[in-house]
Amino acid sequence: MRTVQILGTAPNLGMAPPPGPGVEVWCANQRKGYRSHLPAAADYWTRWFNIHPLSWIEKYTPREWQRLHALDDDRPVYLHEAQLDIRGSVCFPRKQLQEYFDGTRYFTFSGAWLIAFAIFERFERIEL
């Protein structure tokens, strides 16, 4: 069964079960939230998402901006726009998701976008 764990950074994150074989682990936004509550997740993620405008990331989370630039390209990093200077960066498919969900949907936070993306990619099981 194709499964994804979408992990947030709430204090109870440490209670999340470790991923089973073949399970994707998606993390979003800043790494420091994962380091505080489930340090291993900051290392075993399979896709990272920061879909805020790039100017916002650079201005308000400069450490995260630096971390993104230091990543290798062995795992995808979904951004508002792909960046040549961020290895592995991929443009997050906002328009395709909105079209897929009838063209009128407006997702208001990263978690909603990630759930929609998991449905779009036809994951059979979505763990939150």
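Each remark here, short or long, concerns the structure printed above.
Residues numbered from 1 in each chain as written. Predicted model: local features only at pLDDT ≥ 70, side-chain atom pairs only at ≥ 80, totals over all residues. Heavy atoms only, no water.

A. The arrangement of the nonpolar core in detail. With 35 residues, the main nonpolar core has Leu-7, Trp-26, Cys-27, Tyr-34, Phe-49 and Phe-92 as its most contacted residues. Where this core is concerned, the elements lending two or more residues are strand S1 (3-7), strand S2 (24-28), helix H2 (41-44), strand S3 (47-50), helix H3 (54-60), helix H4 (62-70), strand S4 (77-79) and helix H6 (110-120). The element contributing the most residues to this core is H6, with 6 residues. With sequence-adjacent residues up to four places away left out, Tyr-34 is seen in contact with Leu-7, Gly-8, Thr-9, Leu-13, Cys-27, Ala-28, Pro-39, Ala-41, Ala-42 and Trp-48. (Core = buried A, V, L, I, M, F, W, Y, C linked by side-chain atoms within 4.5 Å. Buried < 20%, exposed > 50% of the residue type's maximum accessible area, 1.4 Å probe, protein only. Helix = DSSP H or I, 4+ residues; strand = E, 2+ residues; numbered from the N terminus. Contact = heavy atoms within 4.5 Å.)

B. Representation of the layout of surface pockets in the model. The volume enclosed by the largest pocket comes to roughly 390 Å³. The element that contributes the greatest number of residues to the lining of the largest pocket is H6, accounting for 4 residues. Residues belonging to the lining of the largest pocket are distributed by class as follows: 13 nonpolar, 7 polar and 1 charged. (1 Å grid on protein atoms, 1.4 Å probe; cavity = no way out; pocket = protein on both sides within 12 Å on 5 of 7 lines; lining within 4 Å. Points joined across faces, edges and corners; volume = space filled by probe spheres on them. Nonpolar A, V, L, I, M, F, W, Y, C, P; charged D, E, K, R; others polar.)

C. Quick look at the environment of Tyr-106. With respect to the secondary-structure elements, Tyr-106 resides in the loop between helix H5 (94-100) and H6. C-alpha separation for the pair Tyr-106 and Trp-45, spaced 61 residues apart in sequence, amounts to 26 Å.

D. Layout of H6. Of all the residues in H6, the buried ones are Ser-110, Ala-112, Trp-113, Leu-114, Ala-116, Phe-117 and Ala-118. Residues of H6 that are buried make contact with S1, S2, S3, S4, H5 and strand S6 (125-127). Looking one or two residues beyond H6, the residue adopting positive phi is Arg-122, at roughly 65°.

E. Molecular detail of the sheet that holds S2. Strands sit in the order S5-S4-S3-S2-S1-S6 across an open sheet of 6 strands; the sheet is parallel. The open sheet is flanked by strand S5 (89-91) and S6, the only strands paired with a single partner. Shown here is a sheet whose adjacent strand axes are inclined to one another by a mean of 25°, direction ignored. Sheet analysis places S4 next to S5, joined by 3 bridges and oriented parallel. Across the sheet, the residue bridging to Val-77 is Ser-89, located in S5. (Pairing = 2+ DSSP bridges. Axes fitted to C-alpha atoms, helices over the stretch in contact; angles between N-to-C directions.)

F. Region of interest: the pairing of S1. Among the 5 residues in S1, 5 count as buried, and that is most of the element. Relative to S6, S1 runs parallel, the two being bridged by 3 bridges. The partner of Val-4 across the bridge, within S6, is Ile-126. In terms of strand pairing, S1 meets S2 through 4 bridges, oriented parallel. Across the sheet, residue Leu-7 finds its bridge partner in S2, namely Cys-27.

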